[in-house]
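# Residue-level structure breakdown
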2 protein chains.
Amino acid sequence: MSTKPTIYDVAREAGVSTTTVSKILNNTGRISDKTKQKVLKIMDELNFQPNVLASAMKGKSTYSIAFLIPDIDNPIYAKYMKHIEIHGQELGYNIVMCSTENDAAKEARHIASMRQKRVDGFIIASKFSNVALLEELIQEGFPVSLFAHERPEFSVDSVSVDDYVGGYEATKHLLHLGHRKIAVIGEESYSGRARIRGYRQAILDEGLDVGEELILYSDSTIEGAKYHVGQLLKSKKRPTAIFGYNDLSAIGAIIAAKESGLKVPEDISVIGFDNISLCEIVDPPLTTIDMPVAELGKKVMELLVGKIEGTEKTKQRISLLPKLIVRQSTMPPK
Amino acid sequence: MSTKPTIYDVAREAGVSTTTVSKILNNTGRISDKTKQKVLKIMDELNFQPNVLASAMKGKSTYSIAFLIPDIDNPIYAKYMKHIEIHGQELGYNIVMCSTENDAAKEARHIASMRQKRVDGFIIASKFSNVALLEELIQEGFPVSLFAHERPEFSVDSVSVDDYVGGYEATKHLLHLGHRKIAVIGEESYSGRARIRGYRQAILDEGLDVGEELILYSDSTIEGAKYHVGQLLKSKKRPTAIFGYNDLSAIGAIIAAKESGLKVPEDISVIGFDNISLCEIVDPPLTTIDMPVAELGKKVMELLVGKIEGTEKTKQRISLLPKLIVRQSTMPPK
DNA sequence: CTCTCATTAGGAATCTTTTGATAGTTTTAA
DNA sequence: TTAAAACTATCAAAAGATTCCTAATGAGAG
């Protein structure tokens, strides 16, 4: 027969009831070893696969998790996606990709449609504008975990890199090389602000003053950074080093420097954040702060699946420490 | 009440049967306008959302499509993903990401698990090693479309760029600049071979001979191309131009050339294929063949959804023509 | 030899929606 | 005025699993 076998077929072939088959499937109740082996054998013979839809309707898992991401075009988001998917797979969960394009309406549509499809939980990467929606989700006890950002004002799980420490380490690296005028490109987001706080603190800890005019705000694109750094380099207050709050902005800074006739790192040092694979390709290879995406992905899946399966009860804010990767875009100032 | 309202709640509130509500939901059967308005109003009041699982159990759509992709780390695959997702969203379908890592066992696991979850169809990008599985899927009438590759031996939908023409155009560009010794880096895959066929034909059409020693095979990575091109450049038969079958291998070629002390494009021209965003960032910016990913994504979703919804009956092989994008990595030979 | 208790298996309801068959009502035609 | 046709709306079964509750079986106790 061409149609998929059901629990009924298994029951009939094995000469037992569907109840028994179901119990064996779920490892619940008391079933004698003899019956169990018999049924298991039939299942194998028929190549029986339980219908996830039917079992989900009775309140069981769909083994699907929604992953909301602002824009997969940014290589760091693709990297998130990759590791989330790999670890989801390991734990038996599929990942439904939801690209929000930084659009609150799309966020809402995705959340609604994913709830309709009864996903088991949500992972929300990097940003989320629709706070009320997030609150509602948490309120209703939905398994949710933020990824690569935090919301200190909510009691919500999150897994991210310690952005403050990352910003601190990046700046310290430049300071230790001897730089004194260090510009930073930041973004108006939780992690952007945290990285800048780290930057400030590193400078203060060195007994220096923070030059507010050296703090630039941009979006997370190469173009944005290129523009803002280009403007800065035209002015008198030229820094000897630039800290891009992500690799893309650091690369934008390199391009802007080159266009201004400056050599990197001889005339100006540049450091990034994320450690995307691009870092090794650009000229010069970019010194950066490594975001341990594989570990973050593992942690977030473990945490969320723990919540889904009920083995993990307490809310957690997990923060992994980033690591400095020195390449050739930084050197002592001349 | 905290639980989601069901069709029963709507029926009770509206004083009709669930059958009526269902028919209104699906726009089937004959329902008087009065009842319809009344029920619609109640649905709105209760904020009723039908349970997709239950409706899927009765044989309706799950509005989910599985997208199988070898490795999202390659920027071109992330780009595929992005556009597939966007167009899926427009048509009301969610995309489940399945990363196969070029592993036949993972392919099989994904297919099995996605079938269990009753996805409406499959989009398989770039490669698929498990031919028997693909055949089975097609055999059973499952909506399947290949993306960015073809399987001429099967009757299966596919949407891809015309790789042959792309290879031809890339090579023609180099020939018209005056290059006579053009190396190519290919891959053992349908599109890899097609691009090389285009390369051969362009050379033959120019009345020249193809130098078999200039045809290199590599995987689709920067490192692979770097290694093979490095070897080639050490030998006597140094080409004046290289055609990388994708941008990553072209970039590998640029790196290898630089390491061999050659300047790009002065000493050696390089052209790629795909037009990933990296092309604008590398030094020099890479001349390449643009793969119209947005259009491809649109086409494949339209085609597959047509199959799912039954409005599209005939199998199709859609091929879009690629376009040459000239940047600074190519120039006439010295 | 009978009663109780543990153990194993099954009956039937349930989850939410869809659908083929059917009943009741109204309209049209004769 | 009545039979046939056309609408509307409902009943009940079905999709494939899960689960509460009950029944049957056998072992051990008195």
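Residues numbered from 1 in each chain as written. Chains lettered and ligands numbered in written order. Predicted model: local features only at pLDDT ≥ 70, side-chain atom pairs only at ≥ 80, totals over all residues.

## Remarks on the environment of V161 of chain B
Residue and element names in this part refer to chain B. When you line up the elements, V161 lands in strand β5 (residues 157–161). Looking at V161, the number of C-beta atoms within 10 Å reads 27, which means it is buried. Taking C-alpha positions, V161 is 21 Å from I251, a pair spaced 90 residues apart along the chain. When neighbours within four sequence positions are excluded, V161 is seen to be in contact with A148, G166, M291, P292, L296, L320 and P322. (Helix = DSSP H or I, 4+ residues; strand = E, 2+ residues; numbered from the N terminus. Buried ≥ 20, exposed ≤ 12 C-beta atoms within 10 Å, placed from the backbone. Contact = placed C-beta atoms within 7 Å.)

## Things to note about the sheet that holds strand β7 (residues 215–217) of chain A
For sheets, the rule is that strands pair by backbone hydrogen bonds, running either parallel or antiparallel. Residue and element names in this part refer to chain A. Reading across the sheet, the four strands line up as β7-β6-β8-β9 and stay open at both edges, with parallel pairing between neighbours. With one partner strand each, in any of the chains shown, β7 and β9 (269–271) form the two edges of the open sheet. Direction aside, the axes of adjacent strands within the sheet are offset by 20° on average. Relative to strand β8 (residues 241–244), strand β6 (residues 182–186) runs parallel, the two sharing four bridges. Counted as the bridge partner of I182 is A241 from β8. Against the sheet, helix α9 (residues 190–205) contacts β6, β7 and β8, and its axis sits at roughly 165° relative to β6. Contacts from helix α11 (residues 247–259) reach β6, β8 and β9, with the element oriented near 150° to β8. (Pairing = 2+ DSSP bridges. Axes fitted to C-alpha atoms, helices over the stretch in contact; angles between N-to-C directions.)

## Overview of the pairing of strand β3 (residues 121–125) of chain A
Each regular strand carries side chains that alternate between the two faces of the sheet. All names here are of chain A. By the criterion of burial, β3 is predominantly enclosed, with five of the five residues buried. Neither face of β3 is left uncovered, since the one carrying G121, I123 and A125 and the one carrying F122 and I124 both have all their residues buried. Here strand β1 (residues 64–69) runs beside β3; their pairing, made up of four bridges, is parallel. If you follow A66 over to β3, its bridge partner there is F122. Here four bridges tie β3 to strand β4 (residues 144–147), and the two strands are oriented parallel to one another. Residue pairing in the sheet places I123 in a bridge with S145 of β4.

## Digging into the relation of the copies chain B and chain A
Mapping chain B onto chain A is achieved by rotating through 180° and translating by 0.1 Å along the same axis, at an RMSD of 0.2 Å. Viewed as a symmetry operation, the transformation between the two copies matches a two-fold axis. Taking the C-alpha atom as reference, chain B places V96 of chain B closest to the rotation axis, 2.1 Å from it. (Least-squares fit on C-alpha atoms with pLDDT ≥ 70 in both.)

## Focus: the protein's contact with DNA strand C
Among the 28 residues in the neighbourhood of DNA strand C, the closest are listed as R30 of chain A together with T6, I7, N51 and A54 of chain B. For the surface near DNA strand C, the elements supplying multiple residues, two or more each, are α2 (18–26) of chain A together with α1 (7–14), α2 (18–26) and α4 (52–57) of chain B. Among the residues making up the surface near DNA strand C, the classes are represented as nine nonpolar, 14 polar and five charged. (Near = placed C-beta within 6 Å. Nonpolar A, V, L, I, M, F, W, Y, C, P; charged D, E, K, R; others polar.)

## Considering helix α6 (residues 104–116) of chain B
Along its 13 residues, α6 of chain B runs 18 Å from first to last C-alpha, staying within 8% of the 18 Å computed at 1.5 Å per residue. Of all the residues in α6 of chain B, the buried ones are E107, H110, I111, S113 and M114 of chain B. Packed against the buried residues of α6 of chain B are β2 (94–99) of chain A together with β1 (64–69), β2 (94–99) and α7 (131–139) of chain B. After α6 of chain B finishes, the residue R118 of chain B shows a positive phi value of roughly 60°. (Expected span 1.5 Å × (residues − 1).)

None of this, on its own, says anything about what the molecule does.
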